[in-house]
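# Coordinates in review
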Amino acid sequence: MERLLRQSPLGRLAIGLLLATSQLTAAYNLDPDSPDSVKSISKQMAEDLVSFYHGNEPGQTPGLLPDPYYWWEAGAMMGTLIDYWYYTGDDTYNNLTKQALLFQVGETNDYMPRNQTRTEGNDDQGFWGLSVMSAAEYKFPDPPPDQPQWLGLAQAVFNTQAARWDTEHCGGGLRWQIFTWNNGYDYKNSISQACFFALGARLALYTGNTSYSDWAEKTWDWMVATKLINTTNWYVYDGAGIETNCTVLTPYQFTYNAGGMILGAAAMYNLTESQTWKDRLDNLLEGSKVFFTGPKNNIMSEVACESVNTCNVDEHSFKAYLTRWLTMMIKWAPHTYDTISPYLRASSIAAAKQCQGGDNKRMCGLIWYDGKYDGSTGVGQQMAALEITMSNLIQNSSAPVTADNGGTSVGDPGGGGDDIGRNQPKGPSYGPINGGDRFGAAVLTMLVIASVVGAMFFIFMDETSPKGPVAHGGRRGWSKKGRQGEGGQHQ
């Protein structure tokens, strides 16, 4: 039959149309057992992820994503690109990644840049710190000697956060926000603790300095004491407010909260080789199965929002971090491979299968478990699909290094000192007001009043025109992009 069709002009046309249609709608057919298949698909997914980023283009700001993405997610994305290089060996995006990581360090080399600190939270800073920690552990190419170094940057982030540990309320913990006027300053969220905990555990493992692991132990104990880690079902809840002394919990479960605690526990187990930390890790891993659903309960899902279609821009990316940290866990706790590998494998096949969106018909959506593209596209969705696809390469990758075992990144144990204890954003320094200042202020005030009166006269006169004042040039509306110049905050 096919032979007859090929002999007919109409048949050849029909076959051509079928082939063209299938190419336009075909999803990725991932073979998790084939490194070539995984790398090939990862390469295309990475290309589509970077298409959202313009910070390396002329006139743009390195390390910022466009509206509606906030500063923290750009730092998280750079972590994904470090992972991409680590797993695939493809250095296409290394310069872009290095440029972004170094541009956003701020004046004090601790990821407190002046243009972000007005609304920067501990978790926001923590994501940048975790990304440079991965750079040190994976031996991502070191910056030039006159630039901040990956390990030193991670240490600086940790130091600034340790100084913010708040014992006045709830007996400890980090507040969500850094500065008092920000919405959420009275909230202690699990992801801030998880980032700090994981960073401390990894720094202890890398440097051998037990002061970091002491802080990790303290953070774990506080999470258990406040019941943000439920030691019955081993769920990790979202946070609690200081107005109730952290006794009333926000019970939502998000993948990245559990993932951050799992990551830190895996590093602590590798460091201590203790049964205590093995049990804690294994219990958290069992609790994380709540995030796997679908026909066989083995496809990763953001259960708090996917099923009711309420995931926001930030939440679109959370599965990327659970995936990243479950995969890292395998290197530090190899016994977990048999438990988690079937879940990562099934999720990777499902995630790749639904990548049928966008003009190129291969952009990835949010929901993986129902086998079809859900119509959503974005940085978070693309990061998550790429991370879960690359997880199949973990057994082919090298182990993370330490300072005593192949590490080359230079540390800065006192990093971040200029920001320790600071509760006001850095800004211009002003001296005392004197008589000259007052005279100048009076002159400026008169000029402003005159300009306002003139503008009012112009508008009054313009009322006689049928065009109206807007015809002379409308005003631009507010946008999150405008906010991002000062710093964004995820909710």
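Here, every reference points to the structure presented above.
Note that this is a predicted model, so its numbers are computed, not measured.

## So, the overall build of the protein
When helices and strands are counted, the protein shows 16 helices and five strands. Burial analysis of the protein (491 residues in total) assigns 53% to the buried set. The contacts in the protein between residues at least 6 apart in sequence include a share of 69% that link residues at least 24 apart. Split by element, the accessible area of the protein, about 22200 Å² in all, is 54% carbon and sulfur.

## Side note on the environment of Thr119
By the secondary structure assignment, Thr119 is in the loop between helix H5 (94-103) and helix H6 (122-137). For Thr119, a relative accessible area of 16% gives the class buried. For the pair Thr119 and Phe179, spaced 60 residues apart in the sequence, the C-alpha separation amounts to 7.5 Å.

## Observations regarding the side chain of Ser397
Here Ser397 lies in the loop between helix H14 (379-390) and helix H15 (435-462). At 2.7 Å, the side chain of Ser397 and the backbone oxygen of Ile394 are in polar contact.

## Looking at the nonpolar core
As a rule of thumb, soluble globular proteins bury nonpolar side chains together. The biggest cluster of nonpolar side chains holds 128 residues, and the ones touching the most others in it are Tyr321 and Leu326. Non-local contacts of Tyr321, meaning those with residues more than four positions away in its chain, are made with Trp72, Glu73, Ala76, Phe127, Tyr256 and Met383.

## Examining the pattern of salt bridges
Considering all chains together, one arrives at 14 salt bridges under this definition. Here Arg362 ties to Asp48 by a salt bridge, and the two come within 2.8 Å at their closest N and O atoms. Here Arg362 is found in the loop between helix H13 (337-353) and H14, whereas its partner Asp48 is found in helix H3 (residues 35-50), with 314 residues between them in sequence. The class of Asp48 is buried, set by a relative accessible area of 4%. Bridged by salt links that share partners, the residues Glu47, Asp48 and Arg362 form one connected network.

## Digging into the packing of helix H4 (residues 71-88) against H14
Where H4 meets H14, the closest approach of the two axes is 11 Å, and the angle between their N-to-C directions is 25°. With respect to H14, the element H4 is oriented roughly parallel. Read as a crossing pair, H4 and H14 show a hand that is left-handed. Counting all contacts with H4, which are made through Glu73, Ala76, Met77, Thr80, Asp83, Tyr84 and Tyr87, the residues of H14 involved are Val379, Gly380, Met383, Leu386, Glu387 and Met390.

## Topic: H5
Burial analysis of H5 places seven of its ten residues in the buried class, which makes it a mostly covered element. Among all positions in H5, only Asn94, Leu96, Thr97, Lys98, Ala100, Leu101 and Leu102 are buried. On the buried face of H5, the contacting elements are H3, H4, H6 and helix H7 (150-162).

## Comments concerning the packing of aromatic side chains
With the rule as written, the count across this model stands at 29 aromatic pairs. Summarising the aromatic geometry, the rings of Phe292 and Tyr343 are spaced 4.9 Å apart at their centres and angled 65° between planes, so their arrangement reads as edge-to-face. Linking Phe292 in strand S4 (residues 292-293) with Tyr343 in helix H13, this pair joins segments that are 51 residues apart in sequence. An aromatic cluster of three or more residues is present, and its members are Trp72, Phe127, Tyr252, Phe254, Tyr256, Phe318, Tyr321 and Trp325.

## Notes on the sheet that holds strand S3 (residues 249-250)
Across the sheet, three strands lie side by side as S1-S2-S3; this open sheet has antiparallel pairing. The strands lining the two open edges of the sheet, one partner per strand, are strand S1 (187-189) and S3. Those strands touched by helix H8 (residues 190-207) are S1 and strand S2 (239-241), and its axis lies near 50° from that of S1.

## Looking at the state of the cysteines
This model, assessed by the stated rule, comprises three disulfides. The disulfide that involves Cys170 links it to Cys246, with 2.1 Å between the sulfurs. Since a negative S-S torsion denotes a left-handed disulfide, the Cys170-Cys246 link at about 80° is right-handed. In this pair, Cys170 is assigned in the loop between H7 and S1 and Cys246 in the loop between S2 and S3, connecting sequence segments 76 residues apart. Judged by its relative accessible area of 10%, Cys170 falls in the buried class. Here Cys246 falls in the buried class, since its relative accessible area comes to 4%. Across a sulfur-sulfur distance of 2.0 Å, Cys355 and Cys364 are joined as a disulfide pair. Taking the sign of the S-S torsion, 105° for the link of Cys355 and Cys364, the bridge is right-handed. An identical accessibility class is assigned to Cys355 and Cys364; each is buried. Of note for the protein: the bonded cysteines, numbered N- to C-terminal, pair according to 1-2, 3-4, 5-6.

## Quick notes on unusual backbone geometry
Each neighbour pair has its own omega, and for Asp67 with Pro68 the value is 15°, a cis peptide bond. Secondary-structure assignment places Pro68 in the loop between H3 and H4. Positive phi, close to 60°, is recorded for Lys139, a residue that is not glycine. Summarising the element assignment, Lys139 is placed in the loop between H6 and H7. Located in the positive-phi region is Lys361, a residue other than glycine, with phi close to 60°. Assignment of secondary structure puts Lys361 in the loop between H13 and H14.

Calculation rules
Residues numbered from 1 in each chain as written. Predicted model: local features only at pLDDT ≥ 70, side-chain atom pairs only at ≥ 80, totals over all residues. Heavy atoms only, no water. Helix = DSSP H or I, 4+ residues; strand = E, 2+ residues; numbered from the N terminus. Buried < 20%, exposed > 50% of the residue type's maximum accessible area, 1.4 Å probe, protein only. Contact = heavy atoms within 4.5 Å. Areas by Shrake-Rupley, 256 points an atom, 1.4 Å probe, with all protein chains shown as cover. Polar contact = N/O pair within 3.5 Å; in protein donor to acceptor, adjacent residues only side chain to side chain. Core = buried A, V, L, I, M, F, W, Y, C linked by side-chain atoms within 4.5 Å. Salt bridge = Lys/Arg side-chain N within 4 Å of Asp/Glu carboxyl O. Axes fitted to C-alpha atoms, helices over the stretch in contact; angles between N-to-C directions. Parallel < 35°, antiparallel > 145°, perpendicular 65-115°, else oblique. Left-handed = near helix turned anticlockwise from the far one by under 90°. Phe/Tyr/Trp six-rings, centres within 6.5 Å; stacked < 30°, edge-to-face > 60°. Pairing = 2+ DSSP bridges. Disulfide = S-S within 2.5 Å.

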